[in-house]
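# Inside the fold
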Amino acid sequence: MCCLGALFLAITLLKGTWGLRNVTLLINPPVVERGKNVELVCKYDLQGASLYTIKFYRGNHEFYRYNPMDVPPVKLFLFPGLDVDLDLSHDSNVVIQGADYSLAGNISCEVSTDVPHITTDIATNCLSVVELPKDPPYISPETVDRQYGAGDRLRAKCTSGPARPAPTLAWFINDEPLMTQSTRNQTDGSLETRTITLDTIVLSRHVSSGRLVLKCTALLADIYKETVSMVLQSQQPCEPTVGLPTSELKMESTIGSNVLALNFSVELKKTATETLQMIQEALTVRMLCPGTQVFQWHKKFPGGPAMTSMTKQRVGPP
């Protein structure tokens, strides 16, 4: 029994000393542009054992085998869209040139040791093959020549260039991220475009500098990023405002560009103070413009409802 116990201990120690360890697969780059080269690196620690074979697989299909005892030591197995560069490849490094979509998926390397310590271990990693857009994204605003002020509704679309897969798109106003309302993908052959829609209210801080810049950024993995910008005409508010809108505005333009709110107030026989308070509450901000300016505009409607009926088609301050 003692001899058997000593033999078991010796085998255990021998396995720990000589066993295969730390098999890993590195893919460089893990996301490769279609038509570019990709390198597969199989790393391992033999722990003193003898190498028998290194095999590379795409899915369950073996496409490369290295056996130091064979002549020649490398064997290739056909796989659609896979072209191994033998000049740049060796035992544990495989360079694939002109990567195609069919190569995308799970890539594995399997390492086996020779007698007397036969062990096998396998490592798997994922490879993505992408087609980058040849054209930058483009912005299509609802109105190109319109001036935007605080409280105005801004609508636009951003469409990516054809790619595979379609890039991720994001909106910004003056570098401030915005929420996208809807996304739509369209396929043309093997490529795909993506369109996102923006429907938002312009805030005072967006036009406080007198410059409103709408941006759309396209991202694809970590190998592609492109941003396009469009400078929209903007109206600088009379006074910087504080606070954020809490609901969609009933009025779609500022006091400086539309007198509908004033017309409505006079028709209801509101005073200038009541008019100012109503406008501020509607815009959910503390101050849109100095109150004295609202009072001055209010005085220009001396005829009450009769006067407002004559001015309903006017645009701009009274």
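The structure we're discussing is the one just above.
Residues numbered from 1 in each chain as written. Predicted model: local features only at pLDDT ≥ 70, side-chain atom pairs only at ≥ 80, totals over all residues. Heavy atoms only, no water.

### A few points about the packing of aromatic side chains
Taken as a whole and assessed by the stated rule, the structure comprises two aromatic pairs. Measuring from centroid to centroid gives 6.4 Å for Phe 56 and Phe 63, while their planes differ by 40 degrees, and the two rings are tilted. With 5.6 Å between their ring centres and 75 degrees between their planes, Phe 56 and Tyr 64 make a pair best called edge-to-face. Residue Phe 56 is classed as buried on the basis of its relative accessible area of 0%. Exposure remark for Tyr 64: the relative accessible area of 0% places this residue in the buried category. (Phe/Tyr/Trp six-rings, centres within 6.5 Å; stacked < 30°, edge-to-face > 60°. Buried < 20%, exposed > 50% of the residue type's maximum accessible area, 1.4 Å probe, protein only.)

### Topic: the side chain of Thr 113
Along the chain, the position of Thr 113 falls in strand E8 (residues 105–113). Here His 117 takes part through its backbone oxygen, which lies 2.5 Å from a polar atom of the side chain of Thr 113. Reaching out from Thr 113, the side chain makes a polar contact with the backbone nitrogen of Thr 119 at a distance of 2.8 Å. If sequence neighbours within four positions are ignored, Thr 113 has contacts with Leu 20, Leu 46, Ala 49, Ser 50, Tyr 52, Ile 118 and Thr 119. (Helix = DSSP H or I, 4+ residues; strand = E, 2+ residues; numbered from the N terminus. Polar contact = N/O pair within 3.5 Å; in protein donor to acceptor, adjacent residues only side chain to side chain. Contact = heavy atoms within 4.5 Å.)

### Focus: the environment of Arg 184
Position of Arg 184 among the secondary structure elements: in strand E14 (residues 182–188). By relative accessible area, Arg 184 is classed as partly exposed at 46%. What Arg 184 contacts, discounting residues up to four positions off in sequence, is Thr 193, Arg 194 and Thr 195. Of note is the side chain of Arg 184, whose polar atom sits 3.4 Å from the side chain of Gln 186.

### Remarks on the pairing of strand E4 (residues 51–58)
Of all eight residues that make up E4, six are buried, and the element is covered over most of its length. Across seven bridges, the pairing between E4 and E8 is antiparallel. By the bridge assignment, Arg 58 is partnered in E8 with Ile 107. Of the pairings in the sheet, the one linking E4 to strand E5 (residues 61–66) comprises five bridges and is antiparallel in character. Its bridge partner lying in E5, Ile 54 is registered against Tyr 66. (Pairing = 2+ DSSP bridges.)

### Re the nonpolar core
Leu 40, Phe 56 and Phe 63 are the most contacted members of the largest nonpolar core, which has 29 residues in total. Discounting chain neighbours no more than four positions away, the residues touching Phe 63 are Leu 40, Phe 56, Tyr 57, Arg 58, Lys 75, Leu 76, Phe 77, Phe 79, Leu 82, Val 84, Val 94 and Ile 96. Residues Val 130, Ile 139, Leu 154 and Leu 232 belong to the second largest nonpolar core, which totals 24 residues. (Core = buried A, V, L, I, M, F, W, Y, C linked by side-chain atoms within 4.5 Å.)

### Describing the side chain of Thr 159
You can see Thr 159 is positioned in strand E11 (residues 153–159). A distance of 3.0 Å separates a polar atom in the side chain of Thr 159 from a polar atom in the side chain of Thr 195. Other than its neighbours up to four places away in sequence, Thr 159 contacts Pro 137, Tyr 138, Leu 169, Arg 194 and Thr 195.

### Thoughts on the pattern of salt bridges
For side chains of opposite charge, pairing can occur when their charged atoms come near one another. As enumerated under the stated definition, the model contains ten salt bridges in all. The partner of Glu 131 in a salt bridge is Lys 134, and the shortest N-O contact between them spans 3.2 Å. Exposure remark for Glu 131: the relative accessible area of 15% places this residue in the buried category. The class for Lys 134 is exposed, based on a relative accessible area of 69%. (Salt bridge = Lys/Arg side-chain N within 4 Å of Asp/Glu carboxyl O.)

### Thoughts on unusual backbone geometry
Residue Pro 29 is bonded to the preceding Asn 28 through a cis peptide linkage, with omega at -5 degrees. Mapped onto the elements of the fold, Pro 29 is located in the loop between strand E1 (21–28) and strand E2 (31–33). Each neighbour pair has its own omega, and for Arg 164 with Pro 165 the value is -5 degrees, a cis peptide bond. Relative to the elements of secondary structure, Pro 165 occurs in the loop between E11 and strand E12 (168–173). Its identity is not glycine, yet Gln 47 carries a phi of approximately 55 degrees, on the positive side. Its location among the elements puts Gln 47 in the loop between strand E3 (38–45) and E4. Among the residues examined, Gln 47 registers a relative accessible area of 29% and is labelled partly exposed.

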